[in-house]
Amino acid sequence: AQSVSQHNHHVILSEAASLELGCNYSYGGTVNLFWYVQYPGQHLQLLLKYFSGDPLVKGIKGFEAEFIKSKFSFNLRKPSVQWSDTAEYFCAVYGGSQGNLIFGKGTKLSVKP
Amino acid sequence: EPEVTQTPSHQVTQMGQEVILRCVPISNHLYFYWYRQILGQKVEFLVSFYNNEISEKSEIFDDQFSVERPDGSNFTLKIRSTKLEDSAMYFCASGGGGVETQYFGPGTRLLVL
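Residues numbered from 1 in each chain as written. Chains lettered and ligands numbered in written order. Predicted model: local features only at pLDDT ≥ 70, side-chain atom pairs only at ≥ 80, totals over all residues. Heavy atoms only, no water.

Okay, the overall build of chain B next. Within chain B, the regular secondary structure consists of zero helices and 11 strands. Helices (α) and strands (β) of chain B occur, in sequence order from the N terminus, as β-β-β-β-β-β-β-β-β-β-β. For a compact globule of 113 residues, the expected C-alpha radius of gyration is about 13 Å, and chain B comes in at 13 Å, within 12% of that figure. Counting only C-alpha atoms and orienting by the principal axes, one finds that chain B spans roughly 35 × 30 × 30 Å. Evaluated residue by residue, chain B yields a buried proportion of 47% over its 113 residues. Computed over 9 positive and 14 negative side-chain charges, the inter-centroid distance for chain B is 5 Å. (Helix = DSSP H or I, 4+ residues; strand = E, 2+ residues; numbered from the N terminus. Rg over C-alpha atoms; globule rule 2.2 N^0.38 Å. Buried < 20%, exposed > 50% of the residue type's maximum accessible area, 1.4 Å probe, protein only. Lys, Arg positive; Asp, Glu negative; His and termini not counted. Charge placed at Lys NZ, Arg CZ, Asp CG, Glu CD.)

Take a look at the structure:
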């Protein structure tokens, strides 16, 4: 069965620091990958997704992620974080024919002003 | 922008009681999902629903759970006899199916005492 690992449980950064959140998936075939964000008190929102093509995916709010097939990774990056990026970030992989998503445990990001 | 809505936002119930969690998916979506997140754990897929029937379910979704689309707008998750371990945040999502983006509701936090 497919699985997703997010190794960082809680990341604390100062504003303007660069961000990289790790995500590894287990499946070796064709994958569809997603990053979702959950701001405090809000619902899960899609940041970006990878289906095929350019492995460097641009998302909303200045986020990007790079799909590296040889490393089974889909790390999320942002060059300069803001206090408003404080949230929980979830990596997910499309799990099957009916579209269910398999999520990682999430990484909580706290950005200090 | 259309959103998925869920009610109630919080529900406290006694063990053994039935609960119904309600969701209003985005109106032109055809696929509906329920996920749950036990505190400190991953977001887990429960069930997907299409064309008025379950299209896929996880092993979590046992006989205590059922889903229904009682009218043209609501999508409900019923837990027949709640257990302590059912305490979790329950998320509804809707989308176009397959690898199409899933849009999540804000969740219902269920506490079983």
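Still to come is the rest of the account.
Moving on, we get to the overall build of chain A. Check the secondary structure of chain A and you find zero helices and 12 strands. Ordering the α and β elements of chain A from the N terminus gives β-β-β-β-β-β-β-β-β-β-β-β. Here the C-alpha radius of gyration of chain A, 13 Å, is about what a compact globule of 113 residues would show, namely 13 Å. Once the C-alpha set of chain A is aligned to its principal axes, its extents read approximately 40 × 30 × 20 Å. Counting only contacts in chain A whose residues sit at least 6 apart along the sequence, the fraction spanning at least 24 positions is 54%. Computed over 10 positive and 7 negative side-chain charges, the separation of the two mean positions in chain A equals 4 Å. (Contact = heavy atoms within 4.5 Å.)

The next thing to look at is the sheet that holds strand S3 (residues 19-24) of chain B. All names here are of chain B. Here we have four strands laid out as an open sheet, ordered S1-S3-S8-S7, and antiparallel in their pairing. Bordering the open sheet on either side are strand S1 (5-7) and strand S7 (65-68), each of which pairs with just one other strand. On average, each strand axis in the sheet is inclined to that of its neighbour by 20°, with strand direction left out of account. Summarising the sheet, S1 and S3 pair through three bridges and their orientation is antiparallel. For Thr7, the partnering residue across the bridge sits in S3 and is Arg22. (Pairing = 2+ DSSP bridges. Axes fitted to C-alpha atoms, helices over the stretch in contact; angles between N-to-C directions.)

In this complex, chain B contributes 21 residues to the contact, which on the side of chain A involves 20 residues. Counting the surface lost from both chain B and chain A, the interface buries some 1,800 Å², and carbon and sulfur atoms represent 57% of this. Interface area lost by chain B to chain A is led by Lys42(B), Val99(B) and Phe104(B), which between them contribute 32%. On the surface where chain B and chain A come into contact, there are zero salt bridges. At the junction of chain B with chain A, the criterion picks out four residue pairs in polar contact (both at pLDDT 80 or more). Residue assignment for the side of chain B that touches chain A shows that the elements contributing at least two residues are strand S4 (31-37), strand S5 (43-50), strand S6 (53-57) and strand S10 (102-104) of chain B. Per-element accounting of the side of chain B that touches chain A gives the leading share, four residues, to S4(B). Among the residues forming the side of chain B that touches chain A, the class breakdown is nine nonpolar, nine polar and three charged. (Buried area = accessible area lost by both parts, 1.4 Å probe. Salt bridge = Lys/Arg side-chain N within 4 Å of Asp/Glu carboxyl O. Polar contact = N/O pair within 3.5 Å; in protein donor to acceptor, adjacent residues only side chain to side chain. Nonpolar A, V, L, I, M, F, W, Y, C, P; charged D, E, K, R; others polar.)

Residue and element names in this part refer to chain A. Core analysis: the largest hydrophobic core is formed by 28 residues, its most contacted members being Leu33, Trp35, Leu47, Leu48, Phe74, Leu76 and Tyr89. Those elements that place two or more of their residues in this core are strand S2 (10-14), strand S3 (19-21), strand S5 (33-38), strand S6 (45-50), strand S8 (64-68), strand S9 (73-78), strand S10 (87-94) and strand S12 (107-112). The leading source of residues in this core is S10, at four residues. Setting aside residues up to four positions removed in sequence, Tyr89 forms contacts with Gln6, Leu21, Trp35, Tyr36, Val37, Leu47, Phe63, Leu76, Gly106, Thr107 and Leu109. (Core = buried A, V, L, I, M, F, W, Y, C linked by side-chain atoms within 4.5 Å.)

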